[in-house]
Amino acid sequence: MIKVLAAAAVGLLSAFLPFTPAEPYLIAAVTTTGTPPVALGVAAAAGQTAGKVLIFLGARGAIRSQWLHRRLSRRRATTQPPGRLATMVARPKAAGARLVEVWERPRHTAGMLLVSAVTGFPPLLATSVYLGRTPMPPAAFAAACLLGRTIRFVMIALVPQLAGH
């Protein structure tokens, strides 16, 4: 039971500090104790989901702050025509803007979050912050994140057993 709680704590810690991944802890805990790998994987996923939900909600609050809206709405006066570099960057920037528009559709955001939670690409921390500015409901964010992280961490926790440990 202690190892399961420790896995949840490691998952929570790794949600905020990306340089402290939960995966090495899961492998070490499975190989050194008799704790079921599925229990460790689910606990780590629950801990990390709790942390990512806090990040998601924090980003949502920061994005909606009046101070930030005033800062972002200020327009800088440009007296010069766009330079050569600005012209070269305009086309990829427009393509990126179209991609962002697609990702902001509710059914696409959940898919992007699930892929990020399972694979780690794009990084889940960045995805959590990004999705904080979309209309995605917090419950849907938590469910997709928990599902994806559970898949990832249970698969990683099962690796030692599959390798013969």
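Data block above holds the structure.
Residues numbered from 1 in each chain as written. Predicted model: local features only at pLDDT ≥ 70, side-chain atom pairs only at ≥ 80, totals over all residues. Heavy atoms only, no water.

Student: Even after reading the chapter, I still don't get the overall build of the chain, so can you show me in this structure?
Tutor: Looking only at helices and strands, the chain features eight helices and zero strands. Moving toward the C terminus, one meets the helices and strands of the chain in the order α-α-α-α-α-α-α-α. Taking all 165 residues of the chain together, the buried fraction comes to 31%. Considering only intrachain contacts with a sequence separation of at least 6, the fraction spanning at least 24 residues in the chain is 75%. When the accessible area of the chain is evaluated, it comes to approximately 10300 Å², of which 70% is carbon and sulfur surface. (Helix = DSSP H or I, 4+ residues; strand = E, 2+ residues; numbered from the N terminus. Buried < 20%, exposed > 50% of the residue type's maximum accessible area, 1.4 Å probe, protein only. Contact = heavy atoms within 4.5 Å. Areas by Shrake-Rupley, 256 points an atom, 1.4 Å probe, with all protein chains shown as cover.)

Student: Even after reading the chapter, I still don't get the environment of phenylalanine 16, so can you show me in this structure?
Tutor: Among the secondary structure elements, phenylalanine 16 is positioned in helix α1 (residues 2-16). Along the sequence, phenylalanine 16 and glutamine 48 sit 32 residues apart, while their C-alpha atoms lie 8.5 Å from each other. Once residues within four sequence positions are removed from consideration, phenylalanine 16 is found in contact with Gly51, Leu54 and Ile55.

Student: I keep staring at the packing of aromatic side chains and nothing clicks. Help me out?
Tutor: Aromatic ring pairs are defined here through the distance separating the ring centres and the angle between the ring planes. Summed over the entire model, instances satisfying the criterion amount to one aromatic pair. Centroid distance phenylalanine 56 to phenylalanine 141: 4.2 Å. Interplanar angle 15 degrees. Geometry classified as stacked. Residue phenylalanine 56 is located in helix α3 (residues 37-63), and its partner phenylalanine 141 is located in helix α8 (residues 138-162); the two are separated by 85 residues in the primary sequence. Judged by its relative accessible area of 0%, phenylalanine 141 falls in the buried class. (Phe/Tyr/Trp six-rings, centres within 6.5 Å; stacked < 30°, edge-to-face > 60°.)

Student: How should I be thinking about a nonpolar patch on the surface in this particular structure?
Tutor: The grouping of Leu12, Phe16 and Leu54 at the surface amounts to a nonpolar patch, some 270 Å² of accessible area in total. With respect to the helices, strands and loops of the structure, leucine 54 is situated in helix α3. Relative accessible area serves as the criterion here: at 52%, leucine 54 is assigned to the exposed category. (Patch = residues over 30% accessible without salt bridge, like charges linked within 9 Å, V, L, I, M, F, W, Y side chains within 5 Å. Salt bridge = Lys/Arg side-chain N within 4 Å of Asp/Glu carboxyl O.)

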